[in-house]
Amino acid sequence: MATASSISATLPATKLRPTGAAFLLPQKAALPFRPSKQPSLLSLSTRNNKSISKSSISCCAAADSRSSTKVQELHLYEINERDRGSPAYLRLSQKTVNSLGDLVPFSNKIYTGDLKKRAGITAGICILIKNEAEKKGDRYEAIYSVHLGDYGSISVQGAYLTYEDTYLAVTGGSGIFEGVYGQVKLQQIIFPFKIKYTFYLKGIQDLPAELLGDPVPPSLQVEPTPAAKACESGATIPNYSN
Amino acid sequence: MACTISLNTISCRAQSRSCLVLKGDKSKLPCLISFSNSLQSKDFKISIWSDQKLPTARSTRGLSTQAFFWNKPKPTSRQDEKAQELFVYEINERDRASPAYLKLSQKEVHSLGDLVPFTNKLYSGDLQKRLGITAGLCVLIQNVPERKGDRFEAIYSFYFGDYGHIAVQGAYLTYEDTYLAVTGGSGIFEGVYGTVKLKQIVFPFKLFYTFYLKGIKDLPAELVVKPVAPTPSVEPSAAAKAAEPQAAVSNFTN
């Protein structure tokens, strides 16, 4: 079990996010993808100029060409409570400064966006790509999954920058997320202990209400409810991953 | 008598098949839908038995499905959607400390257990613009002595600056060309699927990729270029190497 002090010794020498409201200010170039940054339900825009008429009969989503573009937003919080031995910083580059070659397997707890229920865990690996000295942070390639108990899992891959928000690709899913595609926005609240995800998911059925509670806006003080932290019955999703 | 027939159990991802799901218990249209298709011609027929007991058979060709209920045609399956080609060069200029060969197997010969994180520079197919980087991991699977090379499982992403990124996964054989899966993307590549052909020019310094991308809007003109033919001597233009503003995409990834 890693203690807080041992984790801080092994963590890259980067920062807590600025205190106060700084993180609420728009980031410089944090959201670079202007074309389709904020998918909305109005983006029933078609691909290849084809559309699906909304009748009582619809085509199986898995088979059509992804022209059904209903986007569902899923909000989740990833919280490192320092009780899972995570992260495991493997300094395989054998250099004093973070360098290509360092690998960081990790696994943290996931709570629903309203922070009322324990949903599961994240599990995967961050591959250090580059230390960005002038940004006082690092670039990682992150490949991991979000496991959500009986509901299934979502797999993602993309850039994790310790100094700014990023979008990762949703590469697939299982259970109710089978066939999912889209992207997910990763917002760091406190590096590396609190992260807020906003998934923009397509290609799946309507998400259960349990996962769609009103998300708590990200701030430094956000905490899961005591019941969720304790995984009391009623404060978890069915068979939450652990 | 309403009927609902769910064809979800049919593998909707099979080649050139399309899958029809009737929803809505209130449908007053009892019907039986069967279809067959020919893989060669990509025709398929939909036979619909309405409550008049008259089969209405239609055959279709190519991309559009003139099915009975829909107002507008749609592609019959993901296989039929037209792919966009994207050409890029990945070049290792040896200034990114890449690759980092981690001989975790602790054997002299390349063995399962060795990991190779890497990151290289990415240029447009005409070698006139710096696009960004590749970044990811090669997992050594086996050494292939008779081909004098190795098999890796590669999981990595291509970063295109403000445009977004493409995530790929698949086999990387140091001794021959391979196809990898495009697993997803972000930005303009959000929702992308398809494949990418990896062609080694000079192992491991120069690679040429041909992406076959589906599921996204038309690529911006800046990325759609006529590629330079891959030969061992290809080099990016001096301006692209220096990443001068007119020779690089917006906020090119570095």
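Residues numbered from 1 in each chain as written. Chains lettered and ligands numbered in written order. Predicted model: local features only at pLDDT ≥ 70, side-chain atom pairs only at ≥ 80, totals over all residues. Heavy atoms only, no water.

Describing the overall build of chain B
Inference 1: On a plain count of helices and strands, chain B comes out with one helix and 12 strands.
Inference 2: Along chain B, from the amino end to the carboxyl end, the secondary structure elements read β-β-β-β-β-β-β-β-β-β-β-β-α.
Inference 3: For chain B, the exposed surface amounts to about 12,000 Å²; the carbon and sulfur share of it is 54%. (Helix = DSSP H or I, 4+ residues; strand = E, 2+ residues; numbered from the N terminus. Areas by Shrake-Rupley, 256 points an atom, 1.4 Å probe, with all protein chains shown as cover.)

Observations concerning the confidence of the model for chain A
Residue and element names in this part refer to chain A.
Inference 1: When pLDDT is averaged along chain A, the result is 81, and 72% of the positions lie at 70 or above.
Inference 2: Mean pLDDT across the elements of chain A ranges from a minimum in helix H1 (residues 4-10), with 38, to a maximum in strand S2 (residues 72-79), with 98.
Inference 3: Note on residues 1-64: pLDDT is under 50 here. Beyond four places in sequence and across chains, it has 129 contacts. (pLDDT = per-residue confidence, 0-100. Contact = heavy atoms within 4.5 Å.)

Considerations on the pattern of salt bridges
Inference 1: Throughout the structure, instances matching the rule amount to 17 salt bridges over all chains.
Inference 2: Residue aspartate 83 of chain A is joined to lysine 109 of chain A by a salt bridge in which the shortest nitrogen-to-oxygen separation is 2.8 Å. Taken together, the residues aspartate 83 of chain A in the loop between S2 and strand S3 (103-106) and lysine 109 of chain A in strand S4 (residues 109-112) connect sequence positions 26 residues apart.
Inference 3: Where aspartate 177 of chain B meets lysine 199 of chain B, a salt bridge forms, and the shortest distance between an N and an O atom there is 4.0 Å. Of this pair, aspartate 177 of chain B sits in the loop between strand S9 (164-173) and strand S10 (178-187) while lysine 199 of chain B sits in strand S11 (residues 193-202), and the two are 22 residues apart along the sequence.
Inference 4: Judged by relative accessible area, which is 33%, aspartate 177 of chain B ranks as partly exposed. (Salt bridge = Lys/Arg side-chain N within 4 Å of Asp/Glu carboxyl O. Buried < 20%, exposed > 50% of the residue type's maximum accessible area, 1.4 Å probe, protein only.)

Examining the packing of aromatic side chains
Inference 1: Under the criterion given, the structure shown has 13 aromatic pairs over all chains.
Inference 2: Between the aromatic rings of phenylalanine 160 of chain B and phenylalanine 189 of chain B, the centroid separation amounts to 5.0 Å while the plane-to-plane angle is 45 degrees, which identifies the pairing as tilted. Of this pair, phenylalanine 160 of chain B sits in the loop between strand S8 (149-159) and S9 while phenylalanine 189 of chain B sits in the loop between S10 and S11; the two residues are 29 residues apart in sequence, bridging distant segments of the chain.
Inference 3: Judged by its relative accessible area of 0%, phenylalanine 189 of chain B falls in the buried class.
Inference 4: Taken together, the ring pairs connect Phe118, Tyr156, Phe158, Tyr209 and Phe211 of chain B into an aromatic cluster.
Inference 5: The side chain of arginine 82 of chain A reaches across the aromatic face of phenylalanine 193 of chain A, ending 4.2 Å from its centre.
Inference 6: When the ring centre of tyrosine 159 of chain B is taken as origin, the NZ or CZ atom of arginine 139 of chain A, which lies over that ring, is 4.9 Å away. (Phe/Tyr/Trp six-rings, centres within 6.5 Å; stacked < 30°, edge-to-face > 60°. Lys NZ or Arg CZ within 6 Å of the ring centre and 35° of its normal.)

Points about the environment of glycine 137 of chain A
Inference 1: Position of glycine 137 of chain A relative to the elements: it lies in strand S6 (residues 137-147).
Inference 2: Expressed as a C-alpha distance, the spacing of glycine 137 of chain A and tyrosine 163 of chain A, which sit 26 residues apart in the sequence, is 5.5 Å.

A closer look at the nonpolar core
Inference 1: Ranked by internal contacts, the top residues of the largest apolar core, which has 33 residues, are Leu74, Leu148, Ile154, Phe177, Tyr197, Phe199 and Leu201 of chain A.
Inference 2: Within the residue set of this core, elements represented by two or more residues are S2, S3, strand S5 (118-132), S6, strand S7 (152-161), strand S8 (166-175), strand S9 (181-190) and strand S10 (194-202) of chain A.
Inference 3: Setting aside residues no more than four positions away along its own chain, phenylalanine 177 of chain A makes contact with Leu74, Leu148, Tyr151, Gly152, Ser153, Ile154, Leu201, Ile204, Leu207 and Leu211 of chain A.
Inference 4: Leu140, Tyr163, Ile166 and Tyr172 of chain B belong to the second largest nonpolar core, which has 32 residues in total. (Core = buried A, V, L, I, M, F, W, Y, C linked by side-chain atoms within 4.5 Å.)

What to know about the pairing of strand S5 (residues 84-91) of chain B
All names here are of chain B.
Inference 1: Within S5, seven of the eight residues are buried, leaving the element largely enclosed by the surrounding structure.
Inference 2: Of the pairings in the sheet, the one linking S5 to strand S6 (residues 115-124) comprises four bridges and is antiparallel in character. The residue bridging isoleucine 91 from the neighbouring strand is lysine 121, located in S6. (Pairing = 2+ DSSP bridges.)

Examining unusual backbone geometry
Inference 1: Here phenylalanine 191 of chain A and proline 192 of chain A are connected by a cis peptide whose omega angle stands at -15 degrees.
Inference 2: The topology assignment puts proline 192 of chain A in the loop between S9 and S10.
Inference 3: For the bond from phenylalanine 203 of chain B to proline 204 of chain B, the omega torsion is -10 degrees, close enough to zero to count as cis.
Inference 4: For proline 204 of chain B, the position within the fold is in the loop between S11 and strand S12 (206-214).
Inference 5: One non-glycine residue with positive phi stands out, namely asparagine 251 of chain B, at about 50 degrees.
Inference 6: With respect to the helices and strands, the residue asparagine 251 of chain B is situated in the segment after helix H1 (238-241).

Quick word on the environment of phenylalanine 152 of chain B
Residues and elements named next belong to chain B.
Inference 1: Its place among the elements puts phenylalanine 152 in strand S8.
Inference 2: Expressed as a C-alpha distance, the spacing of phenylalanine 152 and glutamate 244, which sit 92 residues apart in the sequence, is 35 Å.
Inference 3: Look past the residues within four positions of phenylalanine 152 in its chain and what remains in contact with it is Val116, Cys138, Val139, Leu140, Ile141, Gly170, Ala171, Tyr172 and Thr174.

A word on the side chain of aspartate 114 of chain A
Residue and element names in this part refer to chain A.
Inference 1: Structurally, the position occupied by aspartate 114 is in the loop between S4 and S5.
Inference 2: The side chain of aspartate 114 is buried and forms no salt bridge, while lysine 116, the nearest opposite charge, is found at 4.8 Å.
Inference 3: Side-chain polar atoms of aspartate 114 contact the side chain of threonine 112, separated by 2.6 Å. (Lys, Arg positive; Asp, Glu negative; His and termini not counted. Polar contact = N/O pair within 3.5 Å; in protein donor to acceptor, adjacent residues only side chain to side chain.)

So, the sheet that holds S6 of chain B
Residue and element names in this part refer to chain B.
Inference 1: Spatially, S5-S6-S7-S8-S9-S10-S11-S12 is the arrangement adopted by the eight strands of the closed barrel, whose pairing is antiparallel. Neighbour to neighbour, the strand axes of the sheet diverge by 30 degrees on average, direction disregarded.
Inference 2: Bridge analysis of S5 against S12 gives eight bridges, and the strand direction is antiparallel. Looking across to S12, one finds that tyrosine 89 is bridged to phenylalanine 208. (Axes fitted to C-alpha atoms, helices over the stretch in contact; angles between N-to-C directions.)

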